[in-house]
Amino acid sequence: MKSTIRSAMMAVVLLSLCIMTTGCWNRIELNELAITSATGVDWDGHNWVMSYQVLIPSAISAGIGTSGSGTPQSPVIVYSTKGKSIREAMMHSFSESPRKLFYAHNRVVIISEEVARRGFNELLDVYFRNSGPRETVSMLVTPGTARRVLEQFMQLQIIPGEGMKDIILSEARNSSILPNIPVYQMGMNLTGDAKSGVLPEIYISGKEDTSTLDSFTHTTIPSKLKLGRLAIMHNDRMIGWMNRRQSLGVSFLRGEVKQTTIVTPCTDEQGHRGFDTFVIQHSSTRLKPKLTGGKLSYTAKVDASGVLTESDCAQNLYKPDITKKMESKVAQQIQQILKGAWKQGQQMGADVFGAAEKAHRKYPKAWKQWSKDWNSVFAETPLEVQAQFRITRMGLSNKSFQYLTEKDKKG
Amino acid sequence: MFNNNKNKQTAGDDKQTGTDRNGQVEQLLVPDLEQNMERLQRFLGDGADIVCRMLTHRSFPNQRYTLFYMDGIVDGASIGTMLLGLLEDANKVTEDTEGLYTHLIDRSIAVGKIRSATAIEEVGYAMLEGSSVILVEGSLKAILIDTTGGESRSVEEPTSQTVVRGPKEGFTENLRTNTALVRRIIKSPKLRFDYKVIGRETRTNIAVVYLQGIAQDDVVQEVHRRIDQIEIDAILESGYIEEFIQDKAFTPFPLIQNTERPDAACAGILEGQVVIMVSGTPFVLIAPVTFVKFFQSSEDYYQRYDISTFLRFIRVASFFISMLLPSLYIAITTFHQEMLPTPLLISLAAQREGVPFPALVEAFLMEITFEILREAGVRMPRIIGPAISIVGALVLGQAAVQAGLVSAAMVIVVSFTAIASFVIPAVNMGSAARLIRFALMILGGSFGLFGIMSGLMVLLAHMSGLRSFGKPYLLPFSPLIVSNLKDTFIRVPWWAMRKRPIGMSSNRVPNQHRIGGGKRPDPDQEGA
């Protein structure tokens, strides 16, 4: 009995001690956080320039809740700090921000082309070493300064950082030209056998900045953030760009195509030229290395299927040989896209297709030799593409509109 | 009142005089009527409510006798009938000293229950319980006539445990009414009522009710043993007994169930539980009990099993919400902001702009406010009820947010917690969640989710150690009894609950089965 009273008293004392010690440990109230939605990394020649897009919660939720009252306030604020190292630069933020930077909700990290060409090992190190910033943050490259990208407002999405992430995700899902590359994947690619990786480009299209809320009083905003080319990295350094067609080829070869659109030219009986448009809904690529007579070669088997979504030519789609022809045209197109990308990769000396891993896995003994100078081995490796395409549906109308109008003329 | 059958009568008598005696010498009745009357009056303290009627019998003109009773606690109609019988008695009798006494018992008194007593104390205590007494001149024995009655509340709908479907009868303050309500439901000769009297001054009647052969013998004995050990001057409510007989004193969890509903009490009795009824309160105790029982309402068994199962899940969820929600909110917003979706984080952060207190203080402020409102709502006179709801809505609502004291999200958290705490059918389990909530809030505010998890671990260890009359509190989960799971957080259809809960009821095999096998409705088979 006595001991139970004692232990109960102890529990009470301990619990009340807890009240007094709150504020120790890593407790932090919500209004002490500077929630960062995007980070920018620039290099001024000597120092890292880190830029942060920090959310102003009251401005954002005022926009959501009560509309039209008071003067509009910018939902985000952008500021930069400098330092010899990235963490030092981040530390300097304490001397100018009333709140502690909070990276767990950071959506994108933008690195300038300058930083990308200089090398960004340090950035990856910061991401992998610390628990605060997340490795699922998407990485993007911009040709100008990263800070300018952070300063841009976006249409429809109040928080630009979140909007950039939404754009890249939606792009990767619906057109598959540029992949979404989170930090951890960049790290994996650069430490992989090929030591090469890709990053999507984000750029400001338009000359003026959309960095004031006044821009939104017009139906057209002066500039927009857009995704562009594909940056090719080798050994943590950017070595060049690939255009969008080559980029699609990279996506195909990496097996990252979820949905994309392929346009093939067509000619009908009357000699009318037009285009057939297909949306590829399923695609799988198997890249297989083959060693014949000491020479390495690759076979890429693409198995795709999709829907015809637009057709200009007057053709009777009831006829199997016509659809067969259309299918082989798409396959041909895919083949060309893949070959173009492969060639570009070889020229740039960056195996961004994951070919090295495949060779390493299949021929571990020979890999020891190749790994000494994989780029020169890769540069001479031919790629054979076996593309297959199947039309799953013609859409709701089986004959093209062109065909129907032509027929009426004849009748 | 406490002697309803012959077997128990002697036991009850022993008990009664035994407690009285305490070393005192018993005052036996003497042949002198005046002296007896005076001694009885003195014993009872000459109260104005003592009615004394001196009578003579026409066949025994020389022998006087007196009728004594306490006004107000006797049944007026019985007294009237009895008096009429005594006065109009025209039976011819032998003239004998012993004659009037036997004559009254055998022929005159028109009341069912009669016994005799020889000591003033016994007579006095019988009168205090509502018996009428006839003292006969020259006789050494008094006649005690059971005329217990008086004003009592009628059987009404229970106010604390309401159901949509199910019986609307509730227990009353009258023990006899309560035993009758149970008898009316379980018409079994195996139903046992063991009566006891506890309380030196209140002499409260208590009934221990169980089904012989269904309840475990050792549990019944343990209940008796623990009740017999109670020594107290007064028992005013069953809560007194509960605190004396529960297995562990220091625990927030109730170890004995209480109910106002005869059907719930009977369901317990039929599952082998023991019910303890206390005179003067409509709340009866049910023991032994397990944790899951507190999440079961008697209505679960009256409506379809699927909706019952769903509702039980809702109740368990509500229990955890009412216990954990404020602490989780504090922990996540002050330690683990990365767990929140970004738009929610922004919205919460926006609300917190300008709130002067840390989240923990804010939560405490609102929780204490709610507890005050709730207590005020229970205690205040009914008439000023609307006032508190108007003011309450201001204190715990938009006005508090606009005043900049708390954030709107905290008001929602506290209000939802409050609503969730009312879902638990057992009020005492809801109170347990209320108490634990505050401890967890401190832990969550100091150590984040780590603190909450540690708190829950301690709680779980504590609960696994709890016993209710020797039965593990977490039965049938720990120790696991798979066949008992059919009536826990889920309820299977009645035809699938063939056996009584193992471990709770008697394990004599033929007694375990509630229903025969193959009772699942199957129209095809009937047709064939």
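Residues numbered from 1 in each chain as written. Chains lettered and ligands numbered in written order. Predicted model: local features only at pLDDT ≥ 70, side-chain atom pairs only at ≥ 80, totals over all residues. Heavy atoms only, no water.

A word on the overall build of chain A
Part 1 of the reasoning: Scanning chain A for helices and strands turns up 14 helices and 13 strands.
Part 2 of the reasoning: Taken against the 2.2 N^0.38 rule, which gives 22 Å for 411 residues, the C-alpha radius of gyration of chain A at 27 Å runs more than 25% over that of a compact globule.
Part 3 of the reasoning: Counting only C-alpha atoms, chain A reaches 95 × 65 × 65 Å along its principal axes.
Part 4 of the reasoning: Counting across all 411 residues of chain A, residues that qualify as buried make up 50%.
Part 5 of the reasoning: By element, 54% of the accessible surface of chain A is carried by carbon and sulfur atoms, the whole surface being about 20600 Å². (Helix = DSSP H or I, 4+ residues; strand = E, 2+ residues; numbered from the N terminus. Rg over C-alpha atoms; globule rule 2.2 N^0.38 Å. Buried < 20%, exposed > 50% of the residue type's maximum accessible area, 1.4 Å probe, protein only. Areas by Shrake-Rupley, 256 points an atom, 1.4 Å probe, with all protein chains shown as cover.)

Details of the state of the cysteines
Residue and element names in this part refer to chain A.
Part 1 of the reasoning: In the structure shown here, the tally under the stated rule is one disulfide over all chains.
Part 2 of the reasoning: Here cysteine 266 is linked by a disulfide to cysteine 313, with a sulfur-sulfur distance of 1.8 Å. One quick way to see it: the torsion about the S-S bond of cysteine 266 and cysteine 313 is about 85°, and its sign makes the bridge right-handed. With cysteine 266 in strand β10 (residues 260-267) and cysteine 313 in the loop between β12 (295-311) and α10 (320-348), this pair connects stretches of sequence that are 47 residues apart.
Part 3 of the reasoning: Exposure remark for cysteine 266: the relative accessible area of 3% places this residue in the buried category. (Disulfide = S-S within 2.5 Å.)

Some remarks on the packing of helix α10 (residues 305-334) of chain B against helix α15 (residues 408-421) of chain B
Residue and element names in this part refer to chain B.
Part 1 of the reasoning: Running from N to C, α10 and α15 point in directions that differ by 160°, and their axes come no closer than 7 Å. Between α10 and α15, the angle falls in the class roughly antiparallel. Our pair here, α10 against α15, has a crossing hand that is left-handed. Together, Ser318, Ile321, Ser322, Leu325, Pro326 and Tyr329 of α10 and Ala409, Met410, Val413, Phe416, Thr417, Ala420 and Ser421 of α15 make up the contact between the two elements.
Part 2 of the reasoning: Tallied by class, the residues present in the contact of α10 with α15 amount to nine nonpolar, four polar and no charged. (Axes fitted to C-alpha atoms, helices over the stretch in contact; angles between N-to-C directions. Parallel < 35°, antiparallel > 145°, perpendicular 65-115°, else oblique. Left-handed = near helix turned anticlockwise from the far one by under 90°. Contact = heavy atoms within 4.5 Å. Nonpolar A, V, L, I, M, F, W, Y, C, P; charged D, E, K, R; others polar.)

Remarks on the pairing of β10 of chain A
Part 1 of the reasoning: Side chains Thr260, Ile262, Thr264 and Cys266 of chain A project from β10 of chain A onto a buried face, and the interleaved Thr261, Val263, Pro265 and Thr267 of chain A project onto a face without burial.
Part 2 of the reasoning: Connecting β10 of chain A to the next strand, strand β11 (residues 273-292) of chain A, in antiparallel fashion are five residues, including glycine 271 of chain A with a positive phi near 85°. (Pairing = 2+ DSSP bridges.)

Section: empty space enclosed by the protein
Part 1 of the reasoning: Under the counting rule described, the total for this entry stands at two cavities of 30 Å³ or more.
Part 2 of the reasoning: Its volume calculated, the largest cavity comes out at about 180 Å³.
Part 3 of the reasoning: Contributing to the lining of the largest cavity are 16 residues, with Glu271, Lys293, Asn484, Asp487 and Pro501 of chain B lying nearest its centre.
Part 4 of the reasoning: In terms of residue class, the lining of the largest cavity is built from six nonpolar, three polar and seven charged.
Part 5 of the reasoning: A volume near 30 Å³ is recorded for the second largest cavity.
Part 6 of the reasoning: Lining of the second largest cavity is provided by Thr39, Met50, Met90, Tyr103, Leu123, Val126, Tyr127 and Pro133 of chain A.
Part 7 of the reasoning: Ranked by residue count, the leading element in the lining of the second largest cavity is helix α5 (residues 121-129) of chain A, at three residues. (1 Å grid on protein atoms, 1.4 Å probe; cavity = no way out; pocket = protein on both sides within 12 Å on 5 of 7 lines; lining within 4 Å. Points joined across faces, edges and corners; volume = space filled by probe spheres on them.)

With respect to the UniProt feature "domain: Spore germination GerAC-like C-terminal" (unreviewed entry) in chain A
Part 1 of the reasoning: Taking the numbering used here, the UniProt-annotated feature "domain: Spore germination GerAC-like C-terminal" (unreviewed entry) corresponds to residues 230-395 of chain A.
Part 2 of the reasoning: Secondary structure within residues 230-395 of chain A divides into 36% helix and 40% strand; the distance between the first and last C-alpha atoms comes to 32 Å. (UniProt positions renumbered as here; feature names shortened; annotations may be inferred.)

Some details on the domain arrangement of chain A
Accessible area lost upon the coming together of the parts serves often as the stated size of an interface.
Residue and element names in this part refer to chain A.
Part 1 of the reasoning: Its domain assignment divides chain A into domain 1 (29-242) and domain 2 (256-411).
Part 2 of the reasoning: Each of domain 1 and domain 2 has a C-alpha centre, and the two are 34 Å apart.
Part 3 of the reasoning: Opposite the 20 residues of domain 1 that make contact, domain 2 presents 19 residues.
Part 4 of the reasoning: Interface area for domain 1 against domain 2, summed over the two sides, is near 1400 Å², with a carbon-plus-sulfur share of 57%. (Domains from an automatic or database assignment. Buried area = accessible area lost by both parts, 1.4 Å probe.)

Digging into the interface of chain A and chain B
Part 1 of the reasoning: Chain A puts 29 residues into the contact, and the matching count from chain B is 28 residues.
Part 2 of the reasoning: Summing both partners gives a buried area of about 2500 Å² for chain A against chain B, and 70% of it is carried by carbon and sulfur.
Part 3 of the reasoning: Of all residues in chain A, Arg27, Leu30 and His105 of chain A bury the most surface against chain B, accounting for 24% of the area lost on that side.
Part 4 of the reasoning: Taken together, the connections running from chain A to chain B amount to two salt bridges.
Part 5 of the reasoning: The shortest N-O distance in the salt bridge between arginine 352 of chain B and glutamate 29 of chain A comes to 3.5 Å.
Part 6 of the reasoning: Elements with a minimum of two residues in the side of chain A that touches chain B: α1 (2-21), β1 (33-43) and α2 (57-64) of chain A.
Part 7 of the reasoning: Examining the composition of the side of chain A that touches chain B, we find that five residues originate from one element, α1 of chain A, more than from any other. (Salt bridge = Lys/Arg side-chain N within 4 Å of Asp/Glu carboxyl O.)

Thoughts on the nonpolar core
The nonpolar side chains of a soluble globular protein tend to be buried with one another.
Part 1 of the reasoning: One finds Phe120 and Trp374 of chain A to be the most contacted residues of the largest nonpolar core, which totals 99 residues.
Part 2 of the reasoning: Element by element, the count of residues in this core is highest for α10 of chain A, at 10 residues.
Part 3 of the reasoning: Here this core spans two domains, and each of domain 1 (29-242) and domain 2 (256-411) of chain A adds at least three residues to it.
Part 4 of the reasoning: Among all residues touching tryptophan 374 of chain A, those that are not within four sequence positions of it are Ala194, Leu296, Tyr298, Asp351, Ala355, Ala356, Ala359 and Trp367 of chain A.
Part 5 of the reasoning: Membership of the second largest hydrophobic core comes to 36 residues, among which are Val76 of chain A together with Leu345, Val411 and Ala418 of chain B. (Core = buried A, V, L, I, M, F, W, Y, C linked by side-chain atoms within 4.5 Å.)

What to know about helix α2 (residues 33-44) of chain B
All names here are of chain B.
Part 1 of the reasoning: For α2, spanning 12 residues, the distance from its first C-alpha to its last is 17 Å, which sits close to the expected 16 Å at 1.5 Å a residue.
Part 2 of the reasoning: Of all the positions in α2, only Leu33, Asn36, Met37, Arg39, Leu40 and Leu44 are classed as buried. The buried residues of α2 occupy an angular sector of 165° when projected down its axis, which confines them to one face.
Part 3 of the reasoning: Elements that come into contact with the buried residues of α2 comprise β1 (50-57), β2 (60-70), α5 (120-128) and β4 (131-136).
Part 4 of the reasoning: For α2, the N-terminal cap is aspartate 32; the gap from its side-chain oxygen to the backbone nitrogen of glutamate 34 is 3.3 Å.
Part 5 of the reasoning: Downstream of α2 by one or two residues, glycine 45 has phi in the positive range, about 80°. (Expected span 1.5 Å × (residues − 1). Arc of directions from axis to C-beta. Polar contact = N/O pair within 3.5 Å; in protein donor to acceptor, adjacent residues only side chain to side chain.)

A few points about the UniProt feature "transmembrane region" (unreviewed entry) in chain B
Residues and elements named next belong to chain B.
Part 1 of the reasoning: The UniProt entry lists residues 274-295, 316-335, 405-426 and 438-461 under the feature "transmembrane region" (unreviewed entry), expressed in the numbering used here.
Part 2 of the reasoning: Here residues 274-295 runs as 0% helix and 41% strand, with 19 Å between its end C-alpha atoms.
Part 3 of the reasoning: Between the C-alpha atoms that bound residues 316-335 there is a distance of 27 Å. The span itself is 95% helix and 0% strand.

Some details on the environment of glycine 392 of chain B
Residue and element names in this part refer to chain B.
Part 1 of the reasoning: Within the secondary structure, glycine 392 sits in helix α13 (residues 385-395).
Part 2 of the reasoning: The buried category is assigned to glycine 392, whose relative accessible area is 7%.
Part 3 of the reasoning: Remark: the alpha-carbon pair of glycine 392 and arginine 64, spanning 328 residues in sequence, is separated by 69 Å.

A word on the domain arrangement of chain B
Part 1 of the reasoning: Splitting chain B by domain gives domain 1 (13-146), domain 2 (175-289) and domain 3 (305-472).
Part 2 of the reasoning: For domain 1 of chain B and domain 3 of chain B, the distance between their C-alpha centroids amounts to 62 Å.

Considering the layout of surface pockets
Part 1 of the reasoning: What the second largest pocket holds in volume is close to 900 Å³.
Part 2 of the reasoning: What lines the second largest pocket is a set of 25 residues, and nearest its centre among them are Ala11 and Leu15 of chain A together with Ala439, Val458 and Leu459 of chain B.
Part 3 of the reasoning: Counting residues per element, the ones that place at least two in the lining of the second largest pocket are α1 of chain A together with α16 (427-447) and α17 (449-465) of chain B.
Part 4 of the reasoning: The element that contributes the greatest number of residues to the lining of the second largest pocket is α1 of chain A, accounting for eight residues.
Part 5 of the reasoning: Class assignment of the residues belonging to the lining of the second largest pocket gives a composition of 17 nonpolar, seven polar and one charged.
Part 6 of the reasoning: Per-domain counts for the lining of the second largest pocket show at least three residues from each of domain 2 (175-289) and domain 3 (305-472) of chain B.

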